[in-house]
Structure formats: C-alpha cells, structure tokens
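# Residue-level structural notes
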Amino acid sequence: MKGTLLVVGSLNMDASIRVARMPRVGETILGEQITFSPGGKGANQAYAAAKLGTAVHMAGAVGEDGFGQTLCDHLQSVGVDCSLVQNVPTVSTGSAFIVVDQDGNNSIIVSQGANAACTADQISDEVLQSCDAVLLQMEIPLDTIESVVRRAHDFGKMVVLNPAPAPSDLPRSLYQGIDWLTPNETELQTLTGETCCSMEDLVHAAQKLLDFGVQQVLVTVGDQGALWVNRDQALLFPSRKVQAVDTTAAGDTFHGAWLCALLEGRSIEDAIVFGNLAASIAVTRPGAQSSIPDRAEVEALAADAIRPIRIR
Ligand code: RIB
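An account of the accompanying structure is given in this report. Note that the structure is predicted; figures quoted are calculated from it, not measured. (Residues numbered from 1 in each chain as written. Predicted model: local features only at pLDDT ≥ 70, side-chain atom pairs only at ≥ 80, totals over all residues. Heavy atoms only, no water.)

## Some points on the packing of aromatic side chains
In plain terms, the rule: Working definition: rings of Phe, Tyr and Trp (its six-membered ring) pair if their centres are within 6.5 Å, and the pair is stacked with planes under 30 degrees apart, edge-to-face with planes over 60 apart, and tilted otherwise. Secondary structure elements are defined from DSSP: runs of H or I of at least 4 residues count as helices, runs of E of at least 2 residues count as strands, and each element is numbered from the N terminus. Burial status follows relative accessibility: with a 1.4 Å probe on protein chains alone, a residue under 20% of its type maximum counts as buried, one over 50% as exposed, and anything between as partly exposed. Either the NZ atom of lysine or the CZ atom of arginine qualifies as a charge over a ring when it sits within 6 Å of the ring centre and within 35 degrees of the ring normal.
Tallying each qualifying case throughout the model produces 5 aromatic pairs. On the basis of an interplanar angle of 75° and a centroid distance of 5.1 Å, the ring pair of Trp180 and Trp258 is categorised as edge-to-face. On the criterion of sequence distance, the pair formed by Trp180 in strand β10 (residues 180–181) and Trp258 in helix α8 (residues 250–263) is long-range, its members being 78 residues apart. Each of the two residues, Trp180 as well as Trp258, counts as buried. The interplanar angle of 15° and the centroid separation of 6.3 Å between the aromatic rings of Phe254 and Trp258 together place this pair among those described as stacked. One end of the pair, Phe254, and the other, Trp258, are both in helix α8, 4 residues apart, so they sit about a helical turn from each other. Neither residue differs from the other here; Phe254 and Trp258 are each classed as buried. The rings of Trp180, Trp228, Phe254 and Trp258 are connected pair by pair, giving a single aromatic cluster. It is Arg172 that lies over the ring of Phe212; its NZ or CZ is 3.8 Å from the centre. The ring of Phe274 carries the charged tip of Arg266 above its face, separated from the ring centre by 4.8 Å.

## Quick word on helix α9 (residues 268–282)
Keep this limit in mind: Multiplying one less than the number of residues by 1.5 Å gives the expected span of a helix. The contact definition used throughout considers only heavy atoms, calling two residues in contact when any of these lie within 4.5 Å.
An ideal rise of 1.5 Å per residue puts 21 Å on 15 residues; α9 measures up with 21 Å between its terminal C-alpha atoms. Counting buried residues in α9 gives 12 out of 15 residues, a clear majority hidden from the surface. Where α9 is buried, its residues meet β11 (216–220), β12 (226–229), β13 (234–237), α8 and α10 (295–299).

## A few points about the pattern of salt bridges
Pairing between side chains of opposite charge can happen when the charged atoms of each approach one another. The criterion, for reference: Whenever Lys or Arg places a side-chain nitrogen within 4 Å of a carboxyl oxygen from Asp or Glu, that contact is recorded as a salt bridge.
In this structure the tally under the stated criterion is 12 salt bridges. Residue Arg24 is joined to Glu27 by a salt bridge in which the shortest nitrogen-to-oxygen separation is 3.6 Å. Residue class for Arg24 comes out exposed when judged on its relative accessible area of 57%. Where Glu264 meets Arg295, a salt bridge forms, and the shortest distance between an N and an O atom there is 2.8 Å. On the criterion of sequence distance, the pair formed by Glu264 in the loop between α8 and α9 and Arg295 in helix α10 is long-range, its members being 31 residues apart.

Now the structure itself:
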C-alpha cells in the first residue's frame, strides 16, 4: 500500500548561471547564459516524490505572476496536487539565484517572496489526517513550520524536517515533534555548534540532535552519501560515484526518493539506498526539477546499489 505525502514548503523560480569558478568578494566575473527553471526546496522534493510514484499534496504560496503559475503547472505535470498552494496578490513568487561552478558545486541566494506568506491555516486538520507523512523545509516562516509540526505530530503522522537553510537557534520544542531531521553537513554544524571534520564528528553532532528530542537523524554528506544515526546505531550509506555536472537539488531528489520508498513500505535501509541512487542521477544533469529522474531510471541502477557501512 502506498502512503500519501504532504509537502509544506517553498516554490521558487531558479535563475542559474554556470561559471568557471565562484567569484571572490568584490570581484566581477563572466558566466554563461542564464537559465530560468522550476525550483524551491519544497517544490523540488514534492516533484521528486511524485515523479517516482508517490501521491503528493503541496502546500505553499506563490505570487500572482507568470512564475507562480509556471511552477504549479510543472508540479501538476507529475501529478502533485497544488490545491493548497495559495496565490498572494501583492508579492513576487519566490526566486533563487544559483551559481554553479565547473565541478557542479553551487551557491544559492533565495529571495523568499511569496513563500513568506505561507501559513499553517492553509492546511486543515482533515488534510493533515489524510496524509501519512509531512515533509517541511525552512524557506517558509518558522511559526508556520512550528504549527504544522505540532499538529502533524499530535495526529501521529511521520514528520520530516529538512532544516535548509538552517538557523542557529531552532526552538527546542520543535525538535520534539520531529521523527526525522535531515540536515546536510553544514546545516548539522549550524544547528549543533559542533565542528565536523570526520565521520565520527558527524555522528557526535547528530547525537546532539537526538538529545534535543528528534527520533532519527539522516545527514546528507554530499558525494559521500547519507549517514543515518539513531540511539542504536550509525550507518553510512555510500553513494554511487559519478561525474557531477550540477549538484542543485541533489538533496531534494534524495528526500523525494527516500520518502517515496518509505511510503511504499520498503525498509529504511532500502529507502536510503533508493534515495542515494536517485540523487546520483540528479547530479549528472543541470537544474533543479529538470535533473530529477523517473522511476525506471532509478530502478535501472539497482545493481549499483551500495549497502551501508556501520560507523557505530
Ligand atoms: O535545493 C535547491 C533549491 O534551493 C533550489 O531549487 C532553490 O530554489 C533553493 O530553494
């Protein structure tokens, strides 16, 4: 039986420029032609899960401009229900300015725009009760996140918070409503104040999040894969080695694919492996949603799946 996913998060129009290297402070450099394409961490994760076969509802906010309609049309093209995306008349749709270097690394600045108007009352109790899992990121207001997490937790739903971008001071009460917290290495350091130079450091920092009240921590560690830490164990799931072209939305693809597999009833281990395979395809293609693979592409890599290594 397949479960339903509610994503509460951002929708952005991404403006991406490829450069030979990142500019230094105060420096002007020339880049390639700018491209505009659908993005936003919330929308990317919703798109990935839906493209891979999950029933997804998206809640968020866009401006009443051409970009907002384009972003919703793109989500709907893979079956995402956008009836909980509100149109805000007086602000622009969220946008992101992305610089991608030769190695596929990126730097992103987000202009929140209409995402700042996403409120918890867009999501009724009936909608929350009808879903199996709720996935949030941090490009929408913190009070919206706190309210949705609390209500979803009270209804016994699986709550996943991808703390991106991560603030240094998340309220402790928020952690207690979260089943899965899924930072990348940088976000893990920001949330815990720990310096992470080694895999042991990452495990130590993740355990601090467990002490704050989170049930499970899943750290995305770039091309090293994903690290799952709970009270009993720490397992590293290495990722398949590929030549990265653009890492934008690799983490978002991982989230959508991992949750897709979990909501199909697959084991946590299998779901993380599935997420890694999907992300390993996304990094070989440019853009955010444009890089996300379909199910056949991920399943074709089944023989490349790498089993986890026990760290602790
Ligand atoms: O995670 C990648 C996303 O971050 C981009 O699509 C951009 O919109 C920002 O939200």
